[in-house]
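Observations on chain architecture
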Amino acid sequence: MNHDQLDQYLRKLDEIEKIQILTNENINDFDGRELVVNGGQSIPRLDEKYFFDKGPIFISKHHRFADMPLHMHTFIEMNYVYSGECHQILNGKEIKLTEGQICLLDKDVPHSISALGENDIVVNILMKKDPFTMSLLGQLSKKGIVSSFLMNAISENKHHDRYILFHSDQNQNLQYIVKNMLSEYFAPREYSLEMVNYYMPILLTELMRVYQLDKNFELPQSSGKTSILDILHYIEKNYKDCTLTSLAETFNFNANYLGNMLKEKTGKTFLDLVQSQKMIESASLLRNTEKSIEDIAYHVGYDSLSFFYRKFKEFYGETPTKFRKSKK
């Protein structure tokens with residue numbers, strides 16, 4: 001399937017849409033029992049047993065012409081607006097996605113989708129939280145404290161009510177990656193599922209380049225439109241000489257307030273975040289350069305080599321020497 005054929009496939013009315021365009025009522029994809037209400041909950045949850053019989057990734061076109069009622073699920077969901085626009089309620093907040101944008105939802109995010117019009121094409125990409133997905137997210141989280149924060153937002157066992165809206169409409173490379181992935185999935189041939197699994201980390205990595213983000217975990221009372229990711233980007237770039245006081249001055253916050261907010265939003269103190277970035281940078285230098293361990297320690301801000309060894313082992317579970325040998 002090429003991209004023109006993909007376009008025809010997505011715009012063609014499927015069997016459910018043929019009914020929904022007449023009734024404007026939502027029709028379930030499977031046997032009608034995929035939405036279940038668990039004890040103590042009022043919002044139905046999609047049962048994941050319907051989606052992952054072929055692997056950890058499931059992709060489908062969202063059926064047009066009827067509202068999708070409020071629901072949650074135990075898997076990660078990515079909504080890609082192929083064409084037109086999409087109006088959703090996420091955690092009680094109304095958002096609008098436009099063509100080329102992506103919304104990434106953690107598990108247990110209550111959300112509903114308003115009826116899509118004829119030109120509104122949305123594709124749902126679902127990822128099961130299995131060893132494949134967790135390994136993938138874990139690898140991405142090692143690229144820096146910003147990507148680590150994004151991945152933790154959808155992979156840790158706490159705070160499972162978050163979403164990220166990526167303003168990716170101007171990223172042509174990302175559009176190309178998604179279309180290739182969809183073409184493999186909707187017209188499967190030999191090794192198509194493997195190709196889809198290979199495209200996913202490329203897609204997620206490309207999303208890391210999209211810095212304009214709408215999040216339901218922005219810092220309150222911030223000056224202008226400062227978000228926690230802006231602050232994490234700053235720490236990532238200036239970890240060698242950044243202090244909590246200088247960081248607070250840069251973003252016009254009270255230092256104590258900012259320190260408490262970082263702890264609340266990331267689960268780490270300011271010093272923990274700086275330490276994490278030092279370790280991530282150290283690991284990158286150990287993997288990709290021939291610098292001595294002593295030079296690397298000095299480069300990331302440690303005057304004591306023994307202290308660097310101790311911190312590195314605490315973070316990665318092995319010494320810098322053993323780490324370098326195992327990664328060669």
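What comes next concerns the included structure. Everything quoted here is computed from the prediction, not taken from an experiment.

Calculation rules
Residues numbered from 1 in each chain as written. Predicted model: local features only at pLDDT ≥ 70, side-chain atom pairs only at ≥ 80, totals over all residues. Heavy atoms only, no water. Axes fitted to C-alpha atoms, helices over the stretch in contact; angles between N-to-C directions. Helix = DSSP H or I, 4+ residues; strand = E, 2+ residues; numbered from the N terminus. Parallel < 35°, antiparallel > 145°, perpendicular 65-115°, else oblique. Left-handed = near helix turned anticlockwise from the far one by under 90°. Contact = heavy atoms within 4.5 Å. Nonpolar A, V, L, I, M, F, W, Y, C, P; charged D, E, K, R; others polar. Buried < 20%, exposed > 50% of the residue type's maximum accessible area, 1.4 Å probe, protein only. Pairing = 2+ DSSP bridges. Core = buried A, V, L, I, M, F, W, Y, C linked by side-chain atoms within 4.5 Å. Phe/Tyr/Trp six-rings, centres within 6.5 Å; stacked < 30°, edge-to-face > 60°. Lys NZ or Arg CZ within 6 Å of the ring centre and 35° of its normal.

With that out of the way, let us pick up the packing of helix α7 (residues 228-238) against helix α10 (residues 270-288). Each pair of packed helices can be described by the angle between their axes along with the distance between the axes. The contact between α7 and α10 brings their axes to 9 Å, and the two run at 50°. Looking at the two axes, α7 sits oblique to α10. Handedness of the α7/α10 crossing: right-handed. Residues L232, I235 and E236 of α7 pack against F270, L273, V274 and Q277 of α10. Partitioning the contact of α7 with α10 into residue classes produces five nonpolar, one polar and one charged.

Okay, the side chain of S112 next. Topologically, S112 is positioned in strand β9 (residues 111-113). Its relative accessible area of 16% is what places S112 among the buried residues. Not counting the four nearest positions on each side in its chain, S112 is found in contact with M68, P69, L70, H87, Q88 and I89.

Before going further, it helps to spend a moment on the pairing of strand β4 (residues 68-73). A regular strand places its side chains on the two faces of the sheet in alternate fashion. Pairing analysis gives two bridges linking strand β2 (residues 45-46) to β4, with the strands arranged parallel. Following the sheet pairing, L46 is matched in β4 by H73. Relative to β9, β4 runs antiparallel, the two sharing two bridges. Its bridge partner lying in β9, M68 is registered against I113.

The next subject is the nonpolar core. Counting residues in each nonpolar core, the largest one holds 37 residues, and the members touching the most others are I59, I102, I125, M181 and L203. Per-element accounting of this core gives the leading share, seven residues, to helix α5 (residues 172-186). The contacts of I102, once residues within four sequence positions are left out, are M78, N79, Y80, L97, I164, L165, F166, S168, L174, V178, L203 and L207. I235, A248, L258 and I296 belong to the second-largest nonpolar core, a separate cluster that totals 28 residues.

Once that is clear, we can look at the environment of G259. As for its position among the elements, G259 is in helix α9 (residues 255-266). Taking the C-alpha atoms as reference points, G259 and T245, 14 residues apart in sequence, are found 9.4 Å from one another.

All told, the structure shown has 16 aromatic pairs when counted by the stated rule. A centroid spacing of 5.2 Å and a plane angle of 70° characterise the contact between F51 and F58, whose relative ring orientation is edge-to-face. Across this residue pair, the class does not change: F51 and F58 are buried. These aromatic residues form a ring-pair network of at least three members: Y302, F307, F308, Y309, F312, F315, Y316 and F323. If you follow K278 out to its NZ or CZ, it ends over the ring of Y302, 4.7 Å from the centre.

Time to look at the sheet that holds strand β7 (residues 93-98). Taken together, the six strands give an open sheet; going across it, the order is β1-β2-β4-β9-β6-β7, and neighbouring strands pair in mixed fashion. The sheet is open, and its two borders are formed by β1 (35-36) and β7, each paired with just one other strand.

Turning to unusual backbone geometry, a few remarks are in order. Of note, the phi angle at F65 is positive, near 80°, even though the residue is not glycine. Positionally, F65 belongs in the loop between β3 (57-61) and β4.

In this section: the pairing of strand β6 (residues 85-90). Alternating positions in β6 separate cleanly, C86, Q88 and L90 being buried on one face and E85, H87 and I89 remaining unburied on the opposite face. For β6 and β7, the ladder comprises six bridges, and the chain directions are antiparallel. For I89, the partnering residue across the bridge sits in β7 and is E94. The hairpin formed by β6 and β7 contains two residues between the paired strands, and N91 there has a positive phi angle of roughly 55°. For β6 and β9, the ladder comprises three bridges, and the chain directions are antiparallel. If you follow L90 over to β9, its bridge partner there is H111.

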